[in-house]
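# Topology and contacts: notes
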Amino acid sequence: MKELSVINALIDSISALPSIGKKTAERIAYALLDFEPSKIKEIGENIASLPLKIKRCAICGGYSLGDSCEICQNPERNHQFMMVVHEPKDIFLFEKTNAMKGIYFVLDELLKGSKPTGKLETRINLLKNRIQKEKTSEILLATPMSLEGQTTALYLQSFLKTPNLKITRLAYGLPFGSMLEYVDTITLKQAVIARIKMGEE
Ligand SMILES: [Zn+2]
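By the criterion of burial, strand S4 (residues 102-106) is predominantly enclosed, with 5 of the 5 residues buried. Bridge analysis of strand S3 (residues 78-85) against S4 gives 5 bridges, and the strand direction is parallel. Bridge pairing in S4 places Asn 78 opposite Gly 102. Note that the unit made of S3, helix H6 (residues 88-97) and S4 has a crossover that is right-handed.

In C-alpha cells form, the structure reads like this:
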C-alpha cells in the first residue's frame, strides 16, 4: 500500500523524538491526519525554522536568537556569578527558578576519562578565559548528579581553583543519578539558594 509508506515515514520521524515509542508515534501520526492543513503547516514550519532561528551563543554556548544570548548581553545580570551547566537546555530549567541572577556557561560534554580531551578541553579553556575576563567571584558547578557529572565538577574545582574564586555546587537533596530535567522547579530553586562551597563538605 503506497499510502502506508507515507504514513510510515512520518511514524519513523516521530519515533526519533525522546520518550516516544512506536505506538505513541502511530497515535500522533494518525491524529495529524485529522488536523486542518493549516495547523499541520504551522507545526511543520515551527520545526523547520528551528535551525534557522535558534543558534548557540558565542559567549556562553546557550541557545540564542543572535550571535550572543539575552543573558550574556544583559548588564543587569550579575556577571561575577557564573553557573556551569552540562547542556544548553539546563539554562531554561534554572531560569524558571528565578533564583539565578548570574550568567551561565555550557560545557556540552562531561568528563569521561581522567583528563578532558577534544571539545570538552576547548570548552574548559574557554571557561577559564571567561572567568578571567568577567572577573568572576563565584562559580556554581551545576553538572548532573551522575558519576560523570560529579567527576567533571571535581575536575573543574581543582582546575579552576584560584584564591579569589569561590567554587560552589548545587545542594541537591536528591538521589544520586536524578536528572535535572525531572527535578521540580521549587527543589531546583532550593538547590541554588542553599548551594554548598566545594571542599568544605
Ligand atoms: Zn550567552
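Attention shifts here to the sheet that holds S4. Note: strands within a sheet are paired through backbone hydrogen bonds, in either parallel or antiparallel orientation. As summarised here, the arrangement of the 5 strands in space is S4-S3-S5-S6-S7, forming an open sheet in which the pairing is mixed. Lying at the two open borders of the sheet, with one neighbouring strand each, are S4 and strand S7 (196-197). Both strand S6 (residues 166-169) and S7 contribute to a ladder of 2 bridges, which runs antiparallel. When the bridges of S7 are listed, Arg 169 appears paired with Ile 196. On the sheet, helix H7 (residues 118-134) packs against S3, S4 and strand S5 (138-141) and is oriented at approximately 165° with respect to S3.

A few words on the nonpolar core. Core analysis: the biggest nonpolar cluster contains 33 residues, and Cys 60, Met 83, Val 84, Tyr 104 and Ala 142 have the highest contact counts within it. Looking at this core, the elements with two or more residues in it are S3, H6, S4, H7, S5, helix H8 (147-160) and helix H9 (185-193). In contact with Tyr 104, not counting residues within four places along its chain, are Cys 60, Gly 62, Ile 71, Met 82, Met 83, Val 85 and Ile 91.

Right, let's get into unusual backbone geometry. Even without being glycine, Asp 108 reaches a positive phi, approximately 75°. Relative to the helices and strands, Asp 108 is located in the loop between S4 and H7. Overall, the presence of 14 C-beta atoms within 10 Å leaves Asp 108 in the partly exposed class.

A separate point is the domain arrangement of the chain. Accessible area lost when the parts come together is the quantity often used to give the size of an interface. The domain architecture assigned to the chain consists of domain 1 (2-53) and domain 2 (55-197). Measuring from the centre of the C-alpha atoms in domain 1 to the corresponding centre in domain 2 gives 34 Å.

Turning our eyes to something else, we now look at the packing of helix H1 (residues 2-15) against helix H2 (residues 22-34). In contact at an axis separation of 8 Å, H1 and H2 are set at 125° when each is read in the N-to-C sense. Taken together, the axis directions place H1 and H2 in an arrangement best described as oblique. Once H1 is placed against H2, the crossing between them reads as right-handed. Packed against H1, whose contacting residues are Ile 7, Leu 10, Ile 11, Ile 14 and Ser 15, the element H2 presents Lys 22, Ala 25, Glu 26, Ile 28 and Ala 29 at the interface. In the contact of H1 with H2, the residues fall into 7 nonpolar, 1 polar and 2 charged.

The rules behind these values
- Residues numbered from 1 in each chain as written.
- Predicted model: local features only at pLDDT ≥ 70, side-chain atom pairs only at ≥ 80, totals over all residues.
- Buried ≥ 20, exposed ≤ 12 C-beta atoms within 10 Å, placed from the backbone.
- Helix = DSSP H or I, 4+ residues; strand = E, 2+ residues; numbered from the N terminus.
- Pairing = 2+ DSSP bridges.
- Right-handed = clockwise from strand over helix to strand, strands pointing away.
- Contact = placed C-beta atoms within 7 Å.
- Axes fitted to C-alpha atoms, helices over the stretch in contact; angles between N-to-C directions.
- Core = buried A, V, L, I, M, F, W, Y, C linked by C-beta atoms within 7 Å.
- Domains from an automatic or database assignment.
- Parallel < 35°, antiparallel > 145°, perpendicular 65-115°, else oblique.
- Left-handed = near helix turned anticlockwise from the far one by under 90°.
- Nonpolar A, V, L, I, M, F, W, Y, C, P; charged D, E, K, R; others polar.

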